[in-house]
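Geometric and topological summary
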Amino acid sequence: GTLLVTGCGNEATTGGSDTVVGADTTAAVDDGKVYSLKFSIHNAAGSLEDRIWGAWATRVAEATNGRVKIDVYPGAILGKPTDGMNMVKSGICDIIWTYTGFFPGEFDCYDVMSLPFMGWKTGADTVPIVHELLATNASVQKEFADVKVLSLYAGPGSIIGSHKPIESVDDLKNLKIRTAGALVTKLFTEYGAAPVAMPPTDIYEALEKNVVDAYIFDASGVESYKLEEPVDYILDIRMFAAPMMILMNKGKWDQLPADLQEAITKLAGPEMANAALEELDALVAGQAQRFRDKGKTVTVPTAEALAGFAPVADKIKIEWAEGLDARGLDGTELYNATLGLVEKHIK
């Protein structure tokens with residue numbers, strides 16, 4: 001499948017700078033060298049992601065007979081999450097697992113995946129959608145032109161944790177809530193809340209000290225950072241997903257012999273995303289009950305409550321699309337294409 005192989009090499013405009021497996025390559029097959037790669041992740045050592053990407057690195061080592069050795073560096077020890085794109089482009093790390101929200105303005109098209117209430121329920125729902133967008137949408141491809149895309153996914157959806165009950169959109173008024181990313185911040189501002197931006201590592205303490213009253217955060221991330229602990233209430237709303245990406249330094253990719261590129265490609269793309277999401281979605285599936293067992297009040301919003309969130313969300317989505325259109329980025333076309341892919345892939 002060409003979806004997995006090229007970041008943007010199938011677009012004539014990019015000059016075919018990605019190496020396509022099976023195409024002419026200057027690298028020799030089995031040169032006998034061992035290629036060591038540094039894989040940076042921002043979640044902590046021992047987190048679910050640390051384990052997932054460590055297991056993936058092991059699969060790559062097995063598939064290449066030990067010729068590709070990937071070391072995972074958790075806890076952002078190679079550099080700050082917000083420096084991630086610089087790190088992978090400059091070679092401070094060779095591979096990075098990261099999130100669009102760390103790079104305002106850099107992934108405005110791929111950020112279609114962070115729009116609220118788009119119709120996906122699980123992380124796995126997003127996998128065919130993001131890979132088809134990457135394969136077919138020139139604006140999305142352009143955002144990844146300087147890197148090799150190994151895999152993309154979004155999700156699992158976000159939930160709201162708070163000190164006091166939140167059951168309807170009215171409960172957000174004047175609420176100091178931790179958000180991340182321009183789109184989410186704008187959404188909550190329009191809901192009448194008072195968004196506060198901070199890195200995930202600071203949320204726990206901010207809740208304990210009442211610097212914030214609440215957060216909206218990726219459901220699987222809540223457990224990575226133990227964010228159910230400092231709150232009493234959880235709203236299981238699945239409002240939007242965080243667009244994630246696993247990217248590789250392009251020069252480093254191009255140095256790999258063709259057979260190694262092929263072996264990695266087989267373990268990249270949807271395969272790589274689904275391996276991670278199998279665990280993440282399973283974690284989230286049992287989450288509400290675990291939180292109830294810890295004495296937390298978990299509310300699943302009613303259809304009526306969800307309808308209350310919709311008008312502002314719809315307005316934000318249209319403004320997002322029109323804002324991209326105004327910059328010549330085909331936002332409306334991208335938005336409609338994404339909704340079409342939701343209908344195509346989500347039963």
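In what follows, the structure referred to is the one given above.
Residues numbered from 1 in each chain as written. Predicted model: local features only at pLDDT ≥ 70, side-chain atom pairs only at ≥ 80, totals over all residues. Heavy atoms only, no water.

1. Overview of the packing of helix α4 (residues 123-136) against helix α11 (residues 269-285)
At a closest axis distance of 9 Å, the pairing of α4 and α11 adopts a crossing angle of 165°. Taken together, the axes of α4 and α11 are roughly antiparallel relative to one another. Considering how the two elements wind past one another, α4 and α11 form a crossing that is right-handed. Of the residues in α11, those in contact with G123, A124, V127 and H131 of α4 are G269, P270, A273, N274, L277 and D281. When its residues are assigned to classes, the contact of α4 with α11 shows five nonpolar, four polar and one charged. (Axes fitted to C-alpha atoms, helices over the stretch in contact; angles between N-to-C directions. Helix = DSSP H or I, 4+ residues; strand = E, 2+ residues; numbered from the N terminus. Parallel < 35°, antiparallel > 145°, perpendicular 65-115°, else oblique. Left-handed = near helix turned anticlockwise from the far one by under 90°. Contact = heavy atoms within 4.5 Å. Nonpolar A, V, L, I, M, F, W, Y, C, P; charged D, E, K, R; others polar.)

2. Regarding the sheet that holds strand β2 (residues 68-73)
Taken in spatial order, the five strands make up an open sheet running β2-β1-β3-β10-β4, and their pairing is mixed. Two strands close off the open sheet at either side, each with one partner strand: β2 and β4 (147-154). Adjacent strand axes in the sheet meet at a mean angle of 20°, parallel and antiparallel pairs treated alike. In terms of strand pairing, strand β1 (residues 35-41) meets strand β3 (residues 95-99) through three bridges, oriented parallel. The residue bridging F39 from the neighbouring strand is I95, located in β3. (Pairing = 2+ DSSP bridges.)

3. Quick word on helix α2 (residues 48-63)
Relative to the 22 Å expected for 16 residues at 1.5 Å per residue, α2 spans 23 Å between its end C-alpha atoms, a close match to the ideal helical length. What α2 keeps buried is the set L48, E49, D50, I52, W53, W56, A57 and V60. Count one or two residues on from α2 and you reach N65, which has phi positive near 50°. (Expected span 1.5 Å × (residues − 1). Buried < 20%, exposed > 50% of the residue type's maximum accessible area, 1.4 Å probe, protein only.)

4. Here we look at helix α14 (residues 331-345)
Between its terminal C-alpha atoms α14 stretches 21 Å, which fits the 21 Å expected from 15 residues at 1.5 Å a residue. Burial in α14 covers these residues: G331, L334, Y335, T338, L341 and V342. Projection of α14 onto a plane perpendicular to its axis shows the buried side chains occupying an angular sector of 120°, all on one side. Across from the buried face of α14, at angles greater than 90 degrees, the exposed residues are E333 and E343. In this structure, the buried side of α14 is in contact with α4, α5 (138-143) and α13 (303-326). (Arc of directions from axis to C-beta.)

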